[in-house]
Amino acid sequence: MYFGVNTLKEAWELPEGEYSKMNEEREDAEEAISDVVAKEDNSEAFQLILSTVALVFLAEWGDKSQLSTIALSATYSPISVMSGAVGGFLPICLVRDLT
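A brief look at the structure comes next.

1. Some words on the overall build of the protein
For the protein, the helix and strand inventory stands at five helices and zero strands. In the protein, the succession of α and β elements from N to C terminus is α-α-α-α-α. Within the protein, buried positions represent 7% of all 99 residues. Carbon and sulfur atoms provide 66% of the accessible area of the protein, an area that totals close to 8,400 Å².

And the structure:
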């Protein structure tokens, strides 16, 4: 519960200018991907996508919410841990999608 509340607090305190930086980075990434996909050699595009997926997977592996969920499910009922995880992440996703 602490991590969910802390993440909501950080998202709420995020300055308005930060969204423009995220949009700019997204546009740059889309442009880079479209340049690679436009080439005839699709193996390079596949390698780029595969390395991106691998990088995101490794970056997200072992974040604090994942580790706490694993530790809790080892001790408590998996159904109650799953309910708590969904209850904690649902408000975060709703705030993200509604802002």
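2. Here's the deal with the layout of surface pockets
Roughly 420 Å³ of volume is contained in the largest pocket. Along its surface, the largest pocket is lined by 19 residues, and Met1, Ser68, Thr69, Ala85 and Phe89 are the ones closest to its centre. Secondary-structure elements contributing two or more residues to the lining of the largest pocket are α1 (2-12), α4 (64-75) and α5 (78-98). Considering each element in turn, the lining of the largest pocket owes the most residues, eight residues, to α5. A class-by-class count of the residues in the lining of the largest pocket yields eight nonpolar, nine polar and two charged.

3. With respect to a negative patch on the surface
On the surface, Glu24, Glu25, Glu27, Asp28 and Glu31 cluster together into a negatively charged patch. For Glu31, the location among the structural elements is in helix α2 (residues 17-38).

4. Comments concerning the packing of α1 against α5
Where α1 meets α5, the closest approach of the two axes is 9 Å, and the angle between their N-to-C directions is 15°. It follows from the interaxial angle that α1 and α5 lie roughly parallel. Remark: the crossing between α1 and α5 carries left-handed chirality. Contacts between α1 and α5 involve Gly4, Thr7 and Leu8 from the first element and Pro91, Ile92 and Val95 from the second. Grouping the amino acids of the contact of α1 with α5 by side-chain chemistry returns four nonpolar, two polar and no charged.

The rules behind the values
Residues numbered from 1 in each chain as written. Predicted model: local features only at pLDDT ≥ 70, side-chain atom pairs only at ≥ 80, totals over all residues. Heavy atoms only, no water. Helix = DSSP H or I, 4+ residues; strand = E, 2+ residues; numbered from the N terminus. Buried < 20%, exposed > 50% of the residue type's maximum accessible area, 1.4 Å probe, protein only. Areas by Shrake-Rupley, 256 points an atom, 1.4 Å probe, with all protein chains shown as cover. 1 Å grid on protein atoms, 1.4 Å probe; cavity = no way out; pocket = protein on both sides within 12 Å on 5 of 7 lines; lining within 4 Å. Points joined across faces, edges and corners; volume = space filled by probe spheres on them. Nonpolar A, V, L, I, M, F, W, Y, C, P; charged D, E, K, R; others polar. Patch = residues over 30% accessible without salt bridge, like charges linked within 9 Å, V, L, I, M, F, W, Y side chains within 5 Å. Salt bridge = Lys/Arg side-chain N within 4 Å of Asp/Glu carboxyl O. Lys, Arg positive; Asp, Glu negative; His and termini not counted. Charge placed at Lys NZ, Arg CZ, Asp CG, Glu CD. Axes fitted to C-alpha atoms, helices over the stretch in contact; angles between N-to-C directions. Parallel < 35°, antiparallel > 145°, perpendicular 65-115°, else oblique. Left-handed = near helix turned anticlockwise from the far one by under 90°. Contact = heavy atoms within 4.5 Å.

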